[in-house]
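# Descriptive analysis of the structure
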Amino acid sequence: MKAIELSFGQFFWRITACHMVTYMLLGILAFTIMDYPTQFAEPCSIMVPTDSPRVFLGPALQAIRGLIFAAVLFPFREVILESRHGWLKLWGLFLGLAIFSTAGPAAGSVEGLIYTKIPAVDQIAGLWEVILQTLLCSVLFVAWHHKPSRAWNVCMAMLVGLIVLMSISGAVFGQPEAPQLSAHVSVSEK
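This write-up is about the structure you can find in this document. (Residues numbered from 1 in each chain as written. Predicted model: local features only at pLDDT ≥ 70, side-chain atom pairs only at ≥ 80, totals over all residues. Heavy atoms only, no water.)

### What to know about the side chain of Thr 50
Rule in force here: Secondary structure counts use DSSP, requiring at least four H or I residues in a row for a helix and at least two E residues in a row for a strand, with both numbered from the N terminus. Note on contacts: a residue pair qualifies if any of its non-hydrogen atoms lie within 4.5 Å across the two residues.
Structurally, the position occupied by Thr 50 is in the loop between helix 2 (36-41) and helix 3 (53-73). Those residues in contact with Thr 50 that sit more than four places away from it in its chain are Phe 31, Tyr 36, Pro 37, Phe 40, Val 55 and Phe 56.

### Looking at the packing of helix 3 against helix 9 (residues 150-173)
For clarity, the cut-off: Geometry is summarised by axes, namely lines fitted to C-alpha atoms with helices restricted to the contacting stretch, and by angles between N-to-C directions that run from 0 to 180 degrees. Orientation categories follow fixed angle ranges, with anything under 35 degrees roughly parallel, anything over 145 roughly antiparallel, 65 to 115 roughly perpendicular, and all other angles oblique. Under the scheme applied, nonpolar residues are Ala, Val, Leu, Ile, Met, Phe, Trp, Tyr, Cys and Pro; charged residues are Asp, Glu, Lys and Arg; polar residues are all the others, including Gly.
At a minimum axis separation of 7 Å, helix 3 and helix 9 run at an interaxial angle of 170°. With respect to each other, helix 3 and helix 9 are oriented roughly antiparallel. Across the interface between the two elements, Pro 53, Phe 56, Leu 57, Pro 59 and Ala 60 of helix 3 pack against Ile 163, Val 164, Ser 167, Ile 168, Gly 170 and Ala 171 of helix 9. Residues belonging to the contact of helix 3 with helix 9 are distributed by class as follows: nine nonpolar, two polar and no charged.

### Re unusual backbone geometry
This is how it is decided: With a 1.4 Å probe rolled over the protein chains alone, any residue whose accessible area is under 20% of its type maximum counts as buried; one over 50% counts as exposed, and the rest are partly exposed.
At Asp 35, a residue that is not glycine, the phi angle is positive and equals roughly 50°. Tracing the sequence through the fold places Asp 35 in the loop between helix 1 (8-33) and helix 2. On the accessibility criterion, Asp 35 (35% relative accessible area) is partly exposed. Of note, His 85 is a non-glycine position whose phi angle comes to about 60°, a positive value. Considering the arrangement of structural elements, one finds His 85 in the loop between helix 4 (77-81) and helix 5 (86-100).

Below, the structure written as structure tokens:
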């Protein structure tokens, strides 16, 4: 296979786009399946409520993580992109360093299982989202490298643009408020 050299800008764009698209896709799926609005509203939850502007901006702000991923992974691009099963190596890095062996006690990590009060069953039950998201991101990123085309750039640019627009719109306009029932009872005149 002929090696295709990527500039840092191309590497950054591709890893960021793949991360943002898979993050949004799995986020929507988990939001629905795991009932995040109810979970995040629990008094003991460490998460901000799902109607917070910060939550709406979250998908667009994943570009920051994309930059971090690009900066950290760029020196290893040949191992990830040019070696056999590079997607598996990238996924292994995500699993090992970003999910199971975090520096802090993130839920589902070794530190989280040891040092948090969150039951192990609950921590493990929530791992499917990040495991599947990083798998899809890894496969998509390496596939894009091996089959580059203008269609990839156009499709991913449209998806990333849509994610950014939806995030900003959600943060600015928020969720529509549910109609409130009036507790006002009129008193008839005597």
